[in-house]
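# Chain and residue survey
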Amino acid sequence: MASSIARTATLFRKLLSGRRITYRQLEQEENINRRTALRWIAEARRVFDDALRSETGDTGEKEFWLETRGAHWMGAFKYQPPKPEEIASLDKAIRILRKEGLTHEEEQLTALRGKLHGVVERKDQATRVDNDVEAITDAWGIASRPGPHIRADEDVTATLRDALLRQRKVGFRYRGGPGKTVEPAGLLYGGAPRLVGREQGRDLAQYRLDRMSDVKVLDEGNTLREDALRGYLSTLFGSFGEEPVNVQWRFHPDAPEPEKWTFHPTQKVEKQPDGSVVVRFRAGGLDDMARHVIGWWDWIQVDKPKALRKAVLKMRLAGLAQLLYEFADQRTATRVWNLAVELGANKVDYWE
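Residues numbered from 1 in each chain as written. Predicted model: local features only at pLDDT ≥ 70, side-chain atom pairs only at ≥ 80, totals over all residues. Heavy atoms only, no water.

### Digging into the sheet that holds strand β2 (residues 52-56)
This is how it is decided: Any two strands with at least two DSSP-identified bridges between them are counted as paired. Counting from the N terminus, the helices are the DSSP runs of H or I reaching at least four residues and the strands are the DSSP runs of E reaching at least two. In this analysis, two residues are considered to be in contact whenever any of their non-hydrogen atoms come within 4.5 Å of each other. Only the stretch in contact is used when fitting a helix axis, every axis being a line fitted to C-alpha atoms; angles between N-to-C directions are given from 0 to 180 degrees.
Strands sit in the order β1-β3-β2 across an open sheet of three strands; the sheet is antiparallel. Taken across any chain shown, the strands that pair with only one partner, and hence form the sheet edges, are β1 (21-22) and β2. One ladder, built from five bridges, connects β2 with strand β3 (residues 62-66); its direction is antiparallel. Pairing of R53 across the sheet is with W65, part of β3. In the packing of helix α3 (residues 34-48) onto the sheet, the strands contacted are β2 and β3, and the crossing angle to β2 comes to about 135°.

Given below as structure tokens:
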């Protein structure tokens, strides 16, 4: 998203400078393909409307430029102050970035907020906007949810952002091992930030940013399609990359409104005659799924795959063993735990 905004801003600067530009110039100057250049111009048309003019030049190529004489869009941009709801949304984004430890992005949006606030010319207007923003923020209950996460090294994220923006490959060492050359597709945040990318001859994979060192942008171009990351994410549940499988969950009729949840982008939800709800999707990440299923207690039944039923069972048995040890007898707890281990649960001795 950030790179898309930066690229759009680059095009607008070109147009505002009074230049005439062609698709070919955009491709060469910004190292993009024709499809991307077409999308840039389409976005410019959406913003500038009739002020964006075009004609066939002497070379036979279509040229685009911005007609500013008599255009009213400049005045609209200049004299429309930001709405309190818009600034409140920006504040929410800043808090989320701060929570995730994305210092660079937080600083960029904070600077943008200051510039937007400067558009409000009169002091009494600025004070009123600030008061409204504070009231809206309180009403929305915006807060950073506490939770475990690994802070990304800003030098690493800055280098990866640069590579993504310039559509270049990156080189780095992973876990102190030999150097890798990877085509980056995008960044995943939350928990442990990761780079999604592809090494030559391999499928897309994930690389934790805190395990990367000696990160640098290479001169080699990135050949990944722009929708590569979106396609990859559609196969995941959580953040772990596994081979996708067909998943089917069945929720009890008394379950608290599972039909309102989006469990996965590809899901299909069907209400059954008995009031139960069936959810189907295709994704990988069975451990993440199992943890989520356990949170629904006895309201959910895993119809498939069998491997997910086993993962849920071993997690429940492991938890039951600990509960029995705390409130029952060690002999029974040991039997339950041995069964959990036999099914493949992690060998953690709860009663040392």
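Once you've had a look at it, read on.
### Structural notes on the side chain of T159
So the rule is basically this: Working definition: with a 1.4 Å probe on protein chains only, accessible area under 20% of the residue-type maximum means buried, over 50% means exposed, and in between means partly exposed. The term polar contact refers here to a pair of N or O atoms within 3.5 Å; inside protein, the definition further demands a hydrogen-donor-capable atom paired with an acceptor-capable atom, and it admits residues adjacent in sequence only when both atoms are side-chain atoms.
Mapped onto the elements, T159 comes out in helix α8 (residues 154-166). You can call T159 buried: its relative accessible area is 19%. From its side chain, T159 meets the backbone oxygen of D155 in a polar contact 2.8 Å long.

### Topic: the confidence of the model for the chain
Any region with low pLDDT has predicted coordinates that should not be read closely. The condition that has to hold: Values of pLDDT, which run from 0 to 100, indicate the predictor's confidence residue by residue.
When pLDDT is averaged along the chain, the result is 77; 78% of the residues meet or exceed 70. Across the chain, the secondary-structure element scoring lowest on mean pLDDT is helix α4 (residues 73-79), at 50, and the one scoring highest is strand β4 (residues 168-174), at 94. Every residue in residues 138-147 is under pLDDT 50, and counting partners more than four places away or in other chains gives ten contacts. Of the regions scoring below 50 in pLDDT, residues 347-352 engages in twelve contacts with residues more than four places distant in sequence or in other chains.

### Brief notes about the packing of aromatic side chains
Operational definition: In summary, the pairing rule links any two rings of Phe, Tyr or Trp, Trp by its six-membered ring, whose centres are within 6.5 Å, and it sorts them by plane angle into stacked for under 30 degrees, edge-to-face for over 60 and tilted for everything else. As a reminder, the over-ring test applies to NZ of lysine and CZ of arginine, requiring each to be within 6 Å of the ring centre and within 35 degrees of the ring normal.
For the structure shown, the criterion picks out twelve aromatic pairs. Ring centres 6.5 Å apart and planes at 75° place the aromatic pair W249 and F251 in the edge-to-face group. Judged by relative accessible area, W249 falls into the buried class, the value being 0%. A ring pair is formed by W249 and F263, whose centres lie 5.5 Å apart and whose planes are at 80°; its orientation type is edge-to-face. Placement of the pair is W249 in strand β9 (residues 245-251) and F263 in the loop between β9 and β10 (268-271), with a sequence separation of 14 residues. Each member of the pair, W249 together with F263, is buried. Members of the aromatic cluster, each reached through a chain of ring pairs, are W249, F251, W261, F263, F281 and W296. A cation over a ring is seen here: R20 above W65, with NZ or CZ 3.8 Å from the ring centre.

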